[in-house]
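Residue-level listing of the chains:
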Amino acid sequence: MAELDADLDRIIPSSVLPPFWAKLVVGFVSLLCFARSYDGDFVFDDSEAIINNKDLRAETPLGDLWHHDFWGSRLSSNTSHKSYRPLTVLTFRINYYLSGGFHPMSFHVINILLHGGISVLMVDVFSVLLGGLQYTSRGRRLNLAPRSSLLAALLFATHPVHTECVAGVVGRADLLGALFFLLSFLGYCKAFRESNKEGTHSTFWVLLSILLGTVAMLCKEQGITVLGLNAVFDILVIGKLNVLEMVQKVLHKDRSLENIGMLRNGGLLFRMTLLASGGAGVLYMRWKIMGTGPPAFTEVDNPASFADSMLVRAINYNYYYSLNAWLLLCPWWLCFDWSMGCVPLIKSAGDWRVTAPAALWLCLIGLICRALCSEDNHKRRILTLGLGFLIIPFLPASNLFFRVGFVVAERVLYLPSAGFCMLLTFGFGALSKHTKKKKLIAGVVLGILFINILRCMIRSGEWRNEEELFRSALSVCPLNAKVHYNVGKNLADKGHQTAAVRYYRQAVRLNPKYVHAMNNLGNILKERNELQEAEELLSLAVQIQPDFAAAWMNLGIVQNSLKRFEAAEQSYRTAIKHRRKYPDCYYNLGRLYADLNRHVDALNAWRNTTVLKPEHSLAWNNMIILLDNTGNLAQAEAVGREALELIPNDHSLMFSLANVLGKSQKYKESEALFLKAIKAHPNAASYHGNLAVLYHRWGHLSLAKKHYEISLQLDPTASGTKENYGLLRRKLEQMQKKDV
């Protein structure tokens, strides 16, 4: 049994040590932590990655998944995020198909089960990392560290920083990437299962490990780093390299250096060649698929990467590392988004925050020295592998190789947290070895696990809906403009416009270039008829971002309301120039032309709307009404029939076409459409009123009287209906007098 396990003898009870029970405990605890999120909504990025992602729908060919990014955009597009995760999107598509639509529960349940499975796999991974790799004569791997591997797996399963990955559906990319990462590592370990002499291996398992690493990368970019961890593991555990001894021999020009077994080990060099060539090939393939180069991020996404001074960039990158380390150490302050001013730049050495990266590097250097200088092979291996598992999967998010689109992201800590849990377990073992108060340490361990479970439950509850999620961030990142923007957007969607305005204004105050907040605030002010301020905000938004099509369209709507028709037309045209397939903008342009009595232009604009978006009911309706009002009844009837073929259950289209048919004296067909529209929307006063007019013309006066009365009950202020009802009553009275 490993030395570390002996140190943890009094902390982990022997009753849970058999592999089956250990994995059962870990699996149960991991599910318990995040079970609250099972019935949550789609929140935050889920909308773009799932609800608005056409790649999930059956009409999108499966082959398109291999040419699109995670969000459904073509990788060749300059606006693509370049996040290439086709296998994750494929699981979303299967989820969508099996659940019969966008039902979030099935998506959440899969995420929770994935985390449970990964946590169970961690028992095997930690047993290798903490206890070493050893097989029986029958090829069965021995667990030489049952206590320490169980404790490390429990710490991993209950770590609150995982909540974003588990409770947020888009976190499935990290979960799947981690799953195949671990399978690749365990597969690599199996390459040495049948070794009878040092240096032999199974090439099949090495190649399978590379394949699983590629699969991990196709789920999440981090997955490819498993090849680096496999290489470190091979060198330290299989090759038994003592780095300190090698450095000393190099420095002293010791001739015995050439006798070091690792350097003469052809099997190790062959495996390193396979890993290096496999990794290089996969990265080249990924680069070719990406097409136009890396994505273009903005300064608000990652302000440090836009700093002019290399020193400022370096200091801030290191500060970001320290924040990530703090989230692993104390995961109490968690936030769905850390951008947009949440972490202000460090611009001078006098900023007290420079102590954070200094403290981080002191700890890392101390651990590295212990890892390299320790004479204890067991301690040296655990510390080195723990640091490797902590650092290697984090490298793609470190800004060292390319600019990333975030400041801090809790999701990227899913795999590195395994290295942290490994080091923490080692720390508990060392503490237990040097103190007699074993029960106190056991109490501390149980306390940490209990607090972590409680925090996971609370945080999972916050991820169940957007309102709680966004509001939870206000206390963590009060300077984050995006947090205030999202709270405002959530309030606006629920109709609380006054409160939404307050949060949108705060978002713009925190980030004066936040064009999306300006656009949404301008929209609300437009609806409240505060047109001058709305125009100022939207004009500023398009000045800051000239290709912001939505802001140009909204600016056109405001200018139209202000009777500035030429400016409005120009704004609409600019919006369409930047977004050619923009049906809503064509619709509003058509309304402008209708106000100016440019009927042909209006009809053309609305026709463009329906070509781009055939289910655009308002555009169809406006075409029918305009043709009706201009006396083109035959054309209006043709457009109405075309519209109802595309949108057969739209009661407003039935109503408009019924009016046209009534004027064309096609009373029977008109009556049928009116009655169908009323069945779909029985409380529409105008539907009953116009049906009454039809009956009035048709000579069915009793039915006309009935529907006039229903219409007036629903809307007593309708002057036209009152007038028509009065005419009908006088006619009925005259008829009664004649009968008498």
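Residues numbered from 1 in each chain as written. Predicted model: local features only at pLDDT ≥ 70, side-chain atom pairs only at ≥ 80, totals over all residues. Heavy atoms only, no water.

*Asks:* So, the overall build of the protein chain: which residues are in play, and what are the values?
*Replies:* Counting its regular elements, the protein chain contains 34 helices and zero strands. With the principal axes as the frame, the protein chain shows a C-alpha extent of 125 × 55 × 50 Å. Classification of the 740 residues of the protein chain by burial places 53% in the buried group. Considering only intrachain contacts with a sequence separation of at least 6, the fraction spanning at least 24 residues in the protein chain is 65%. Surface summary for the protein chain: the accessible area is close to 34900 Å², and the carbon and sulfur share equals 59%. The distance from the centre of the 79 positive side-chain charges to the centre of the 60 negative ones in the protein chain is 4 Å. (Helix = DSSP H or I, 4+ residues; strand = E, 2+ residues; numbered from the N terminus. Buried < 20%, exposed > 50% of the residue type's maximum accessible area, 1.4 Å probe, protein only. Contact = heavy atoms within 4.5 Å. Areas by Shrake-Rupley, 256 points an atom, 1.4 Å probe, with all protein chains shown as cover. Lys, Arg positive; Asp, Glu negative; His and termini not counted. Charge placed at Lys NZ, Arg CZ, Asp CG, Glu CD.)

*Asks:* Residue-level account of the packing of aromatic side chains, with values.
*Replies:* Think of a pair of aromatic rings as described by two things: how far the centres are apart, and how the planes are tilted against each other in angle. Counting across every chain of the model gives 24 aromatic pairs. Measuring from centroid to centroid gives 6.1 Å for Y284 and W287, while their planes differ by 35°, and the two rings are tilted. Of this pair, Y284 and W287 both sit in helix α13 (residues 266–290), separated by three residues, roughly a single helical turn. Ring centres 6.3 Å apart and planes at 10° place the aromatic pair Y695 and W698 in the stacked group. Placement of both Y695 and W698 in helix α32 (residues 685–698) is noted, with a separation of three residues, approximately one turn of the helix. Of the residues examined, Y695 reaches a relative accessible area of 3% and is grouped as buried. What links up through ring pairs into an aromatic cluster is the set F42, F70, W71, F92 and F107. Looking at R353, its charged tip hangs above the ring of Y319, at a distance of 5.2 Å from the centre. (Phe/Tyr/Trp six-rings, centres within 6.5 Å; stacked < 30°, edge-to-face > 60°. Lys NZ or Arg CZ within 6 Å of the ring centre and 35° of its normal.)

*Asks:* Outline a nonpolar patch on the surface, listing residues and values.
*Replies:* Nonpolar side chains collect at one region of the surface, where W326, L329, W332, W333, F450, I451, L454 and I458 lie side by side and expose about 850 Å² of accessible area between them. Only α14 (310–329) and α18 (438–462) provide two or more residues apiece to the nonpolar patch. A per-element tally of the nonpolar patch places α18 first, with four residues. With respect to the helices and strands, I451 occurs in helix α18. Using a relative accessible area of 46% as the deciding quantity, one classes I451 as partly exposed. (Patch = residues over 30% accessible without salt bridge, like charges linked within 9 Å, V, L, I, M, F, W, Y side chains within 5 Å. Salt bridge = Lys/Arg side-chain N within 4 Å of Asp/Glu carboxyl O.)

*Asks:* Please set out the pattern of salt bridges residue by residue, giving values where relevant.
*Replies:* For the structure shown, the criterion picks out 25 salt bridges. Here E637 and K666 are joined by a salt bridge, their closest N and O atoms 2.9 Å apart. Of this pair, E637 sits in helix α29 (residues 633–646) while K666 sits in the loop between α30 (651–663) and α31 (667–680); the two residues are 29 residues apart in sequence, bridging distant segments of the chain. Among the charged side chains, a salt-bridge network with shared partners connects E637, R641, K666 and E669.

*Asks:* Requested: an account of the environment of K666, with residues and values cited.
*Replies:* When its relative accessible area of 35% is taken as the criterion, K666 is described as partly exposed. C-alpha of K666 to C-alpha of L694: the two residues are 28 residues apart in sequence and 9.9 Å apart in space. If near-sequence neighbours (up to four positions away) are discounted, K666 is found in contact with E637 and L661. Among the polar contacts made by the side chain of K666, one reaches the side chain of E637 at a distance of 2.9 Å. (Polar contact = N/O pair within 3.5 Å; in protein donor to acceptor, adjacent residues only side chain to side chain.)

*Asks:* Quick one: what's the story with empty space enclosed by the protein, residue by residue and with numbers?
*Replies:* Summed over the entire model, instances satisfying the criterion amount to two cavities of 30 Å³ or more. Roughly 40 Å³ of volume is contained in the largest cavity. Lining the largest cavity are D174, G177, A178, K220, Q222, G223, R411, Y414 and L415. In this structure, the second largest cavity spans a volume of roughly 30 Å³. Surrounding the second largest cavity, Y320, Y321, N324, F394, A397, S398, N399 and V407 form its lining. (1 Å grid on protein atoms, 1.4 Å probe; cavity = no way out; pocket = protein on both sides within 12 Å on 5 of 7 lines; lining within 4 Å. Points joined across faces, edges and corners; volume = space filled by probe spheres on them.)

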